[in-house]
Amino acid sequence: MDQRDEQEFAEYFEARRDAVRRTAFLLCGDWYRADDLAQTAFVALHRRWRKVRDRGALDAYVRRTVVRAMIDESRRPWRRERFVEQLPEPAPTDAEVGDTVATRSALLDGLKQVPPRQRAVLVLRFLEGLDVAATAEALKCSEGTVKSQTARGLTALREALGDSLDDLRPAS
């Protein structure tokens, strides 16, 4: 790559780094894995930077790369996690935790229990704000698949959350 291309990539990276990392975190629920997924996406983009014709589609390309990397990572046997009923160390209890923080924590815990493909659809649709067509384009699938994965994902999320969100709402 020549100096001008390197400069353009560096500017794009600087502008989008945090947003891509945040999206990766919402997909996987772990900041360390989110860093790895974001790095994977930016390395892939850097390799193809000179071949990119439509600079307006960079966000979609990076988003799709992050989603695919997350799904690929979840398929690898050494990445499989086992959920247990009791954590090795008790979670800290703080009676002063705000409703917003508690709701966010419950939502992130619930998202971790949703299958990767459905989680990707939920994050792109509801947390990234993409519509059905843009989500289908990002995942390279049909709009019908996005709709069915959304319905299944919401059902799985509701089952994972149970009544935890009702308990977190203020009684007023």
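Our subject is the structure that appears above.
Residues numbered from 1 in each chain as written. Predicted model: local features only at pLDDT ≥ 70, side-chain atom pairs only at ≥ 80, totals over all residues. Heavy atoms only, no water.

A. Geometry of the packing of aromatic side chains. Enumeration over the complete set of coordinates arrives at six aromatic pairs. Aromatic side chains Phe 9 and Trp 49 sit 5.3 Å apart centroid to centroid with 85° between the ring planes, which places their arrangement in the edge-to-face category. With Phe 9 in helix H1 (residues 3–28) and Trp 49 in the loop between helix H2 (31–48) and helix H3 (58–75), this pair connects stretches of sequence that are 40 residues apart. Residue class for Phe 9 comes out buried when judged on its relative accessible area of 10%. Overall, the relative accessible area of 2% leaves Trp 49 in the buried class. Of note, Arg 55 hangs over the ring of Trp 49, and the distance from its end group to the ring centre comes to 4.3 Å. Taking the ring centre of Phe 126 as reference, the NZ or CZ of Arg 125 above it sits at 5.2 Å. (Phe/Tyr/Trp six-rings, centres within 6.5 Å; stacked < 30°, edge-to-face > 60°. Helix = DSSP H or I, 4+ residues; strand = E, 2+ residues; numbered from the N terminus. Buried < 20%, exposed > 50% of the residue type's maximum accessible area, 1.4 Å probe, protein only. Lys NZ or Arg CZ within 6 Å of the ring centre and 35° of its normal.)

B. Representation of the packing of H1 against H2. Close contact between H1 and H2 brings their axes to 8 Å; oriented N to C, the two are set at 145°. Handedness of the H1/H2 crossing: right-handed. Every residue of H2 that contacts H1 at Glu 6, Phe 9, Tyr 12, Phe 13, Arg 16, Arg 17, Val 20, Arg 21, Arg 22, Ala 24, Phe 25 and Cys 28 is listed here: Trp 31, Arg 33, Ala 34, Asp 35, Leu 37, Ala 38, Phe 42, Leu 45 and His 46. A class-by-class count of the residues in the contact of H1 with H2 yields 13 nonpolar, one polar and seven charged. (Axes fitted to C-alpha atoms, helices over the stretch in contact; angles between N-to-C directions. Left-handed = near helix turned anticlockwise from the far one by under 90°. Contact = heavy atoms within 4.5 Å. Nonpolar A, V, L, I, M, F, W, Y, C, P; charged D, E, K, R; others polar.)

C. Spatial organisation of the nonpolar core. Ranked by size, the top nonpolar core spans 41 residues in total, and within it Leu 45 and Val 66 carry the most contacts. Every element with two or more residues in this core is listed here: H1, H2, H3, helix H4 (99–112), helix H5 (116–127), helix H6 (132–139) and helix H7 (143–161). Ranked by residue count, the leading element in this core is H1, at eight residues. Residues contacting Val 66, with those up to four places away along its chain left out, are Val 20, Ala 24, Leu 27, Leu 37 and Ala 41. (Core = buried A, V, L, I, M, F, W, Y, C linked by side-chain atoms within 4.5 Å.)

D. Here's a closer look at the packing of H2 against H3. At their nearest, the axes of H2 and H3 sit 9 Å apart, and the two run at 130° to each other. Judged on the interaxial angle alone, H3 and H2 are oblique. Handedness of the H2/H3 crossing: right-handed. For the pair H2 and H3, contact is made by Arg 33, Leu 37, Thr 40, Ala 41, Ala 44, Leu 45 and Arg 48 and by Leu 58, Tyr 61, Val 62, Thr 65, Val 66, Ala 69, Met 70, Glu 73 and Ser 74, respectively. By residue class, the composition of the contact of H2 with H3 is ten nonpolar, three polar and three charged. (Parallel < 35°, antiparallel > 145°, perpendicular 65-115°, else oblique.)

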